[in-house]
Amino acid sequence: MENLTVVTEFTLEGLSNNPQLHNLLFVVFLIIYFITLVANMTIILVTGADPHLHTPMYFFLSHLSFVDICYSSVTVPKMLENLVAKKTISASGCIAQMFFIIMLACTEILILSVMAYDRYAAICLPLHYLETMNKKMCNQMIVGAWVVSFLHALINTLPVSALHFCGPNRVSNFSCELPPLLLLSCSDILVNEIVLLASLVMFVMSASILTLVSYVHILFTILKIPSTEDRSKAFSTCSSHLIVVSLFYVTGFFRYMKPASGYSLERDQLVGVLYSILTPTFNPLIYRLWNKEVKLAVRRIMGNRMHLR
């Protein structure tokens, strides 16, 4: 059988071809990666350890933090390695990295959509909130998000694995993502572009519509609240989620919805840093990692440990 993959490895060009900047970039992104791990792990540990935070909102937030840790870990360690050592990745490793990036990005979008619905239920249907967002429903939403994301990644990865790569093999980015890989293919990529567009419409756009509809209802409900204090509190509860959603959707749009003919190296690298590296770092900070509830939870956990001693 003919081997369809002539290229056995790809070269990740990274963010800069200037060797003098590599050490600086290594330190900067190592610090960012460390902050991402610590901040998101803190949310997971605190929400898991404190019963007062065993609510749907923090349940979804802890899963979002887990996705952010995985998302950063798929891209950043390899980028750090490329800054100080070899810049190559095997063809199979590149496709595997692409699969996990697509899956985790889709999972994040779906969890953000679920969190929007959770806020809708809390603000617009407060009397039925506990019944609507019960534990079984929350678990089903999270499992559904992972299953749908796996299918979304699989149907985009399988056509790529069938493409013929005959050179060049230089990926103009720090990670293997679908748009740059399609540019390197010697095969016709029309099918891949159709599959990508169809899957985005089917999975991502449906989640986007749910998020949009949820916040339209939330906005109208908040505007009807007579008390200024209650209205401000409701806005404060939703504002952090809106910022995270906006950041992820805008960068994701420029990452995947632009045609290959409109590819720009500088723009793609900037969007890639925002989308893959900085967003997982910003999320726990935007969600007020050290808000009043989390601070109280940390104090209770530390107090209990001191008491046990």
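Nothing here was measured: the structure is a model prediction, and the numbers come from that model.

About the criteria used
- Residues numbered from 1 in each chain as written.
- Predicted model: local features only at pLDDT ≥ 70, side-chain atom pairs only at ≥ 80, totals over all residues.
- Heavy atoms only, no water.
- Pairing = 2+ DSSP bridges.
- Helix = DSSP H or I, 4+ residues; strand = E, 2+ residues; numbered from the N terminus.
- Disulfide = S-S within 2.5 Å.
- Buried < 20%, exposed > 50% of the residue type's maximum accessible area, 1.4 Å probe, protein only.
- Contact = heavy atoms within 4.5 Å.
- Expected span 1.5 Å × (residues − 1).
- Axes fitted to C-alpha atoms, helices over the stretch in contact; angles between N-to-C directions.
- Parallel < 35°, antiparallel > 145°, perpendicular 65-115°, else oblique.
- Left-handed = near helix turned anticlockwise from the far one by under 90°.
- Nonpolar A, V, L, I, M, F, W, Y, C, P; charged D, E, K, R; others polar.
- Patch = residues over 30% accessible without salt bridge, like charges linked within 9 Å, V, L, I, M, F, W, Y side chains within 5 Å.
- Areas by Shrake-Rupley, 256 points an atom, 1.4 Å probe, with all protein chains shown as cover.
- Salt bridge = Lys/Arg side-chain N within 4 Å of Asp/Glu carboxyl O.
- Core = buried A, V, L, I, M, F, W, Y, C linked by side-chain atoms within 4.5 Å.

### Some words on the pairing of strand E1 (residues 9-12)
Okay, step 1: Here three bridges tie E1 to strand E2 (residues 88-90), and the two strands are oriented antiparallel to one another. For Glu9, the partnering residue across the bridge sits in E2 and is Ser90.

### Points about the state of the cysteines
Okay, step 1: Applying the stated criterion to the full structure yields two disulfides.
Okay, step 2: What pairs with Cys94 in a disulfide is Cys176, and their sulfur atoms sit 1.9 Å apart. Note on the Cys94 and Cys176 pair: the S-S dihedral is about -115 degrees, so by sign convention the disulfide is left-handed. With a gap of 82 residues between them, Cys94 in helix H3 (residues 91-124) and Cys176 in the loop between strand E3 (170-171) and helix H6 (178-184) connect regions that are remote in the sequence.

### Section: the side chain of Gln97
Okay, step 1: Here Gln97 lies in helix H3.
Okay, step 2: On the basis of relative accessibility, which here comes to 6%, the residue Gln97 falls in the buried class.
Okay, step 3: Residues in contact with Gln97, not counting those within four places in the same chain, are Val74, Thr75, Lys78, Ile89, Ser175 and Cys176.

### Quick word on helix H1 (residues 19-49)
Okay, step 1: With 31 residues, H1 extends 45 Å between its outermost C-alpha atoms, agreeing within 8% with the 45 Å of an ideal straight helix rising 1.5 Å per residue.
Okay, step 2: Those residues of H1 lying buried are His22, Leu25, Phe29, Ile32, Tyr33, Thr36, Ala39, Asn40, Thr42, Ile43, Val46 and Thr47.

### Examining the packing of H3 against helix H5 (residues 135-161)
Okay, step 1: For the pair H3 and H5, interaxial distance at closest approach is 8 Å and the crossing angle is 150 degrees. Taken together, the axes of H3 and H5 lie roughly antiparallel to each other. Every pair of crossing elements has a handedness; the one defined by H3 and H5 is right-handed.
Okay, step 2: Within the contact of H3 with H5, the residues separate by chemical class into 20 nonpolar, six polar and no charged.

### Focus: a nonpolar patch on the surface
Okay, step 1: A cluster of nonpolar side chains, contributed by Val27, Ile31, Phe34, Ile35 and Val38, occupies part of the molecular surface with about 440 Å² of accessible area.
Okay, step 2: Positionally, Ile31 belongs in helix H1.

### A closer look at the nonpolar core
As a rule of thumb, nonpolar side chains are buried together in soluble globular proteins.
Okay, step 1: With 54 residues, the main nonpolar core has Phe10 and Phe60 as its most contacted residues.
Okay, step 2: Listing elements by their share of this core, those giving two or more residues are E1, H1, helix H2 (56-84), H3, H5, H6, helix H7 (190-223) and helix H8 (228-256).
Okay, step 3: Considering each element in turn, this core owes the most residues, 17 residues, to H3.
Okay, step 4: Not counting residues within four places of it along the chain, the set of residues in contact with Phe10 comprises Lys87, Thr88, Ile89, Ala91, Cys94, Phe165, Asn169, Val171, Leu181 and Leu184.
Okay, step 5: Core analysis: the second largest hydrophobic core is formed by twelve residues, Tyr33, Met79, Leu80 and Val273 among them.

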